[in-house]
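Per-entry structural report
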Amino acid sequence: MKRFLPAAVSALAVGATLLAPQAVQHATQQQNGDQAQAAGSAYQHRDDFVIVGHRGASGYRPEHTLASYELAARMGADYIEPDLVSTKDHVLVTRHEPEIGGTTDVAKHPEFANRKKTKVLDGVKLTGWFTEDFTLKELKTLRAEERIPAIRQHNTVFNDRYQIPTFQEVIDLTKRLSKELGRPVGIYPETKHPTYFRQQGLALEPELVKTLNRNGLNRPDAKVFVQSFEVSNLIALHKQLRVPLVQLTDAVGQPYDFTVAGDKRTYADITSAKGLKDVAKYAAGLGPYKEQIIPFTADGKLGKPTTLVADAHRAGLVVHPYTFRVENNFLPANFDSDAVPSDSGNLFGEIAAYRATGIDGLFTDNTDVAVAQEKESR
């Protein structure tokens, strides 16, 4: 049986207040210039192609652990990607979602049994344990576990070995690795569910800005991108950050801050030729789901490319799609090796097909394959 797991598409948003057209227009020319300069310089490495270690090297280690980030950097990633959520005491830590029942051993801790709750996360009921109900000290007693063990059984060897990192610990790691490897290792943080956290009095953006400022990373030549599935928080961050911002999009749905504000626009509207011109007023890049660039056919194979990359480039945006993974479960059917979802397929072929569309970079769980493919393509 094939594709029994959905190819993890993050349709859940990130963000804050509502999009007001006048807010976009108030961005200064200096900010636009700084961020365009940053976006341009940020991907001047190898053949100008950006390889982002998606949640680290999550094809080989449990995601969002220092071990995963370090492995991605050592494999050659230009950037590592920490997803940011908040603790009860307002410390930014890295998890794919605020709910941590599926990525940590929290269920094995009887002292936290009463923390299990049902909450509404971006309009969806979800039962589990949530980072905002734990202090950093409490979270540090937990250990990370593989999120999709049925697909990545080998990763379970590393279960219960690594802590949940803070954002600051990730930055410290990249500083150390940059010195050791003799090349800059960048960070590509994502604000996860910003509206959700803002509603709880734990806004992510102020802590993100403080952390970048404290580490001297809020400057155009810093190797940093900041991304979000929501829009309004990026517009607000555009006024505070000098690093390039990236608007994430999905093949379906709309940003959750639009939902809250009653804005009817969808991700399809945002990625239209007209919508991309608006994105370029506050962001330097676009991070689309890969099927927005090459849709899959009814039989799961790659279809005909859309005009999204060309449209984004005309608007002045770099394009970094997500997520490229080696397992058959996540590959187009024409790049599968067999019918076993957990077996490795032809990721080289998939990356080559997408690179032919003119993308400027990509997010991958398998940095080593992306780096090797890039070398072969020169």
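Our subject is the structure listed above.
Residues numbered from 1 in each chain as written. Predicted model: local features only at pLDDT ≥ 70, side-chain atom pairs only at ≥ 80, totals over all residues. Heavy atoms only, no water.

**Observations regarding helix H5 (residues 167-181)**
The terminal C-alpha atoms of H5, which comprises 15 residues, lie 21 Å apart, in line with the 21 Å expected from a rise of 1.5 Å per residue. Residues of H5 that are buried: Phe167, Val170, Ile171, Leu173, Thr174 and Leu177. Down the axis of H5, the buried side of the element spans an arc of 155 degrees, and every buried residue falls inside it. Of the residues trailing H5, Gly182 is marked for its positive phi of about 70 degrees. (Helix = DSSP H or I, 4+ residues; strand = E, 2+ residues; numbered from the N terminus. Expected span 1.5 Å × (residues − 1). Buried < 20%, exposed > 50% of the residue type's maximum accessible area, 1.4 Å probe, protein only. Arc of directions from axis to C-beta.)

**Side note on the side chain of Lys290**
If you trace the backbone, Lys290 turns up in the loop between strand S11 (285-287) and helix H12 (308-314). For Lys290, a relative accessible area of 1% corresponds to the buried category. Among the polar contacts made by the side chain of Lys290, one reaches the main-chain carbonyl oxygen of Phe330 at a distance of 3.2 Å. Residues contacting Lys290, with those up to four places away along its chain left out, are Phe296, Pro321, Tyr322, Thr323, Phe324, Phe330, Glu350 and Tyr354. (Polar contact = N/O pair within 3.5 Å; in protein donor to acceptor, adjacent residues only side chain to side chain. Contact = heavy atoms within 4.5 Å.)

**Quick word on the packing of helix H13 (residues 347-355) against helix H14 (residues 367-377)**
Look at H13 against H14: their axes get within 10 Å of each other, and the N-to-C directions meet at 60 degrees. Judged by the angle between their axes, H13 and H14 are oblique. Two packed elements cross with a definite hand, and for H13 against H14 that hand is right-handed. Across the interface between the two elements, Leu347, Phe348, Ile351, Ala352 and Arg355 of H13 pack against Val369, Ala370, Ala372, Gln373, Glu374, Glu376 and Ser377 of H14. (Axes fitted to C-alpha atoms, helices over the stretch in contact; angles between N-to-C directions. Parallel < 35°, antiparallel > 145°, perpendicular 65-115°, else oblique. Left-handed = near helix turned anticlockwise from the far one by under 90°.)

**Some thoughts on the packing of aromatic side chains**
Scanning the model with the defined rule gives 11 aromatic pairs in all. Arranged with centres 5.9 Å apart and planes meeting at 90 degrees, the rings of Phe229 and Tyr322 form a pair that is edge-to-face. Remark: Tyr322 occurs in the loop between strand S12 (318-319) and H13 and Phe229 occurs in the loop between strand S9 (226-228) and helix H8 (232-238); sequence separation between them is 93 residues. A single burial state applies to Phe229 and to Tyr322, both of which are buried. Between Tyr289 and Tyr322 the ring centres are 5.6 Å apart and the planes differ by 40 degrees, which places this aromatic pair in the tilted class. Taken together, the residues Tyr289 in the loop between S11 and H12 and Tyr322 in the loop between S12 and H13 connect sequence positions 33 residues apart. Per residue, the accessibility class of Tyr289 equals that of Tyr322, and both read buried. Put simply, the rings of Tyr79, Tyr188, Phe225 and Phe363 touch in pairs and so form one group of aromatic residues. Sitting over the ring of Phe49, Arg355 keeps its end group 3.8 Å from the ring centre. (Phe/Tyr/Trp six-rings, centres within 6.5 Å; stacked < 30°, edge-to-face > 60°. Lys NZ or Arg CZ within 6 Å of the ring centre and 35° of its normal.)

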